[in-house]
Amino acid sequence: MSVTDWLRAVQTKKGNVMNIIEFLTNKGYQLKKNTDGTYSGPCPFCGGTDRFTVFPQSGRWGGNCTCRKCPPNADGKLRSYNFVDLLMRLGSLTKSEAYAAAKASFVVATSEADIQASAITLQKPDFIVWNSFVEALAVESQRALFSEPSNWGLSYLIDNRHLSVETIKSLGLGYISKNGYLPAKDMGFLSETDRVIFKEGIFIPARDANGRIIAVDIRCRPGSESKHYVIRGSRREPEILHGNSRAVILVESFLDAALIWQTCKDLCSVGVLYSAQMKATPEFAAALKKYPVIIYAGDTDEAGRKNFGYWYEHFGARRWLIPARYGKDPCEGVDNGLDVREWI
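### Examining the sheet that holds strand 13 (residues 247–251)
The five strands lie next to each other as 12-14-13-15-16, forming an open sheet whose pairing is mixed. Among the strands making up the open sheet, the edge pair consists of strand 12 (239–241) and strand 16 (318–319). In this sheet, strand 14 (residues 269–272) lies alongside strand 12 in antiparallel orientation, the contact comprising three bridges. From the neighbouring strand, Ile-240 faces strand 14, where its bridge partner is Gly-271. This element, helix 11 (residues 302–315), spans strand 13, strand 15 (293–296) and strand 16 of the sheet and lies at about 165 degrees to strand 15.

Rendered as structure tokens:
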């Protein structure tokens, strides 16, 4: 269902909202209503058939749900999801788009014009236009990384992240020299008045299986309020830096993955998850099944420990942590004397 169709469905009857029940039904999940007003059915995430419960009147965003089979929350309680979680994971919306869509579901549109105006704010860009722009930006940002003497990016990648010039060039890393913005319509969005913001920092492209850039993460200057900024229109999906096909090592950070790939690509491939909460897309799951050995080497913190359960349950991943004396991730480990190749 497109965003426009979804908003149109919201306003079919004044006062209606599209809650979790309606969204899941539109996605093809059959739910059974219980006597207490809750609903039960198959879990969209773990594959369980009867342990998923939906509470349509709970929470701020059109309902909540829990699953008794999914790995528990960090506090040990049942795994829970809200409407925003479902919009992100099942509807392929970004976090900001999901919050906007959830909010829009409570604002009943009164006309077709209202629907079209709301849809414009949630619309994904024309991928061909967006991709053409970021591919050109990738070339220009790498030129800037190696030609602008005042930038901090190159020294950060070499000295702090332990990457070689060859690796930096091979992976398409670059540098955006200053904050700025472009009209959103120039990047394939429908809006005539909105804009896409760029921030100074290291340009980190994520690519799909066909080599096309589908997301851009900006590693901001050390000490900035935020470490990372994702350019609007990006599709955050895990990816694989291909090396030896005997094993794949899963890590959270692209720059950690780059370090392992640089040092050990003759021993393994490296999967980039981008966050401790990332789950496998169908394409990534199919790619993982080609590897005899899958090793989860996420950060040695609570989020990493929690996420390992997912990769173990669904893909049989083994866990191989950075020894505690070296830190929580590969780059920190090298700072403290870790031999990455020996560790792998």
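### Side note on the pattern of salt bridges
Tallied over the entire structure, the rule returns nine salt bridges. Between Glu-148 and Arg-143 there is a salt bridge, with the nearest N and O atoms lying 3.8 Å from each other. Glu-148 sits in the partly exposed class, given a relative accessible area of 25%. One salt-bridge network, held together by shared partners, links Glu-140, Arg-143 and Glu-148.

### Description of the pairing of strand 5 (residues 79–82)
A one-sided burial pattern is seen for strand 5, the buried positions being Arg-79 and Tyr-81 and the unburied ones Ser-80 and Asn-82. Where strand 4 (residues 64–67) meets strand 5, four bridges bridge the pair, whose relative direction is antiparallel. Within strand 5, the position partnered with Cys-65 by the bridge is Tyr-81.

### Quick notes on unusual backbone geometry
If a residue is not glycine, its phi is most likely negative; likewise, a peptide bond is most likely trans. For His-162, which is not a glycine, the phi torsion comes out positive at approximately 65 degrees. If you trace the backbone, His-162 turns up in the loop between helix 7 (153–160) and helix 8 (165–170). For Tyr-274, which is not glycine, the phi torsion reads 75 degrees and is therefore positive. The buried category is assigned to Tyr-274, whose relative accessible area is 15%.

### Some words on the layout of surface pockets
Of the pockets and cavities examined, the second largest pocket occupies roughly 600 Å³. In this structure, the second largest pocket is lined by 26 residues; those nearest its centre are Arg-207, Asp-208, Ala-209, Glu-239 and Ile-240. Of all the secondary structure elements, the ones that give two or more residues to the lining of the second largest pocket are helix 8, strand 9 (201–207), strand 12, helix 9 (254–264) and helix 10 (282–288). Split by residue class, the lining of the second largest pocket holds 12 nonpolar, five polar and nine charged.

### Quick word on the nonpolar core
One recurring pattern in soluble globular proteins: nonpolar side chains tend to sit buried together. With 53 residues, the main nonpolar core has Leu-157, Leu-173, Leu-250, Phe-254, Ile-260, Leu-288 and Trp-311 as its most contacted residues. The greatest single-element share of this core, amounting to eight residues, is contributed by helix 9. Leave out the neighbours within four places in its chain, and Leu-173 touches Gln-142, Leu-145, Leu-157, Leu-163, Ile-168, Phe-203, Ile-204, Pro-205, Phe-254 and Leu-255. The next biggest cluster of nonpolar side chains, apart from the first, holds 22 residues, and it includes Phe-52, Val-54, Leu-87 and Ala-98.

### Describing the packing of aromatic side chains
Tallied over the full model, the rule gives 12 aromatic pairs. Aromatic side chains Phe-127 and Trp-130 sit 6.4 Å apart centroid to centroid with 25 degrees between the ring planes, which places their arrangement in the stacked category. Of this pair, Phe-127 and Trp-130 both sit in helix 6 (residues 127–147), three residues apart, which is roughly one turn of that helix. Overall, the relative accessible area of 21% leaves Phe-127 in the partly exposed class. Seen from their ring centres, Phe-133 and Phe-198 are 5.9 Å apart, and the 40 degrees between their planes marks the pair as tilted.

### Focus: helix 11
Between its first and last C-alpha atoms helix 11 spans 20 Å; for 14 residues at 1.5 Å apiece the expected length is 20 Å, and the two agree. Those residues of helix 11 lying buried are Gly-304, Asn-307, Phe-308, Tyr-310, Trp-311 and Phe-315. Taken end-on, helix 11 shows its buried residues confined to a sector of 160 degrees, consistent with a single buried face. Residues of helix 11 that are buried make contact with strand 13, helix 10, strand 15 and strand 16. Gly-316 sits one or two residues past helix 11 and shows a positive phi near 65 degrees.

### Re helix 9
By the criterion of burial, helix 9 is predominantly enclosed, with nine of the 11 residues buried. Taken together, the buried positions of helix 9 are Phe-254, Leu-255, Asp-256, Ala-257, Ala-258, Leu-259, Ile-260, Trp-261 and Cys-264. At the N-terminal end of helix 9, a side-chain oxygen is found 3.1 Å from the backbone nitrogen of Leu-255, two or three residues along, and the residue is Ser-253.

Conventions we followed
Residues numbered from 1 in each chain as written. Predicted model: local features only at pLDDT ≥ 70, side-chain atom pairs only at ≥ 80, totals over all residues. Heavy atoms only, no water. Pairing = 2+ DSSP bridges. Helix = DSSP H or I, 4+ residues; strand = E, 2+ residues; numbered from the N terminus. Contact = heavy atoms within 4.5 Å. Axes fitted to C-alpha atoms, helices over the stretch in contact; angles between N-to-C directions. Salt bridge = Lys/Arg side-chain N within 4 Å of Asp/Glu carboxyl O. Buried < 20%, exposed > 50% of the residue type's maximum accessible area, 1.4 Å probe, protein only. 1 Å grid on protein atoms, 1.4 Å probe; cavity = no way out; pocket = protein on both sides within 12 Å on 5 of 7 lines; lining within 4 Å. Points joined across faces, edges and corners; volume = space filled by probe spheres on them. Nonpolar A, V, L, I, M, F, W, Y, C, P; charged D, E, K, R; others polar. Core = buried A, V, L, I, M, F, W, Y, C linked by side-chain atoms within 4.5 Å. Phe/Tyr/Trp six-rings, centres within 6.5 Å; stacked < 30°, edge-to-face > 60°. Expected span 1.5 Å × (residues − 1). Arc of directions from axis to C-beta. Polar contact = N/O pair within 3.5 Å; in protein donor to acceptor, adjacent residues only side chain to side chain.

Purely spatial values, then, with no claim about function.
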